[in-house]
Amino acid sequence: VQLQASGAGVVQAGGSLRLSCAASGRTFSTYTMGWFRQAPGKEREFVAVIVKSVDRSYYADSVKDRFTISRDNGKNTVFLQMNGLKPEDTAVYYCAADAVWSGRSYYTEYEWDYWGRGTQVTVSS
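Please read these numbers as outputs of a predicted model, since none were measured by experiment.

A. Region of the structure containing the sheet that holds strand S1 (residues 3-6). Across the sheet, four strands lie side by side as S1-S3-S8-S7; this open sheet has antiparallel pairing. Edge positions in the open sheet fall to S1 and strand S7 (67-72), since each of these has one partner strand only. Going from strand to strand, the sheet's axes swing by 15° on average, the running direction of each strand aside.

Written out as structure tokens, the structure is:
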């Protein structure tokens, strides 16, 4: 599957932004989808995941109650609604797809099978 993220932007602290990630193929609903981010000089970190079939979502503590992950299987798209943005949310955001759970935690990038190119989010103070 190929993933294409969009929604890059520059916003002021406290603002909102919505990222989208469109997937190719006709089996989108069979993938667990997630978002990661990487700030300058830091390792890539988990942001959110929405698990296939059950559509249960989980978040990093740093974004809980501010970010919401959702998916539209009819449009092969996963979204990340980001509210209450903070300067520390500044990063390149990546969407990822997982075809079959290998037993690792979704919080680690090694679980994920496919990655999209990143999209830049900048939050000014």
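B. Representation of the side chain of Thr 32 in the model. Relative to the elements of secondary structure, Thr 32 occurs in strand S4 (residues 32-38). Take Thr 32: its relative accessible area is 0%, and that puts it in the buried class. Side-chain polar atoms of Thr 32 contact the backbone nitrogen of Lys 52, separated by 3.1 Å. Ignoring anything within four residues of it in the chain, the contact list for Thr 32 reads Val 49, Ile 50, Val 51, Lys 52, Arg 71, Ala 96, Ala 97, Asp 98, Tyr 106 and Trp 112.

Rules and cut-offs
Residues numbered from 1 in each chain as written. Predicted model: local features only at pLDDT ≥ 70, side-chain atom pairs only at ≥ 80, totals over all residues. Heavy atoms only, no water. Pairing = 2+ DSSP bridges. Helix = DSSP H or I, 4+ residues; strand = E, 2+ residues; numbered from the N terminus. Axes fitted to C-alpha atoms, helices over the stretch in contact; angles between N-to-C directions. Buried < 20%, exposed > 50% of the residue type's maximum accessible area, 1.4 Å probe, protein only. Polar contact = N/O pair within 3.5 Å; in protein donor to acceptor, adjacent residues only side chain to side chain. Contact = heavy atoms within 4.5 Å.

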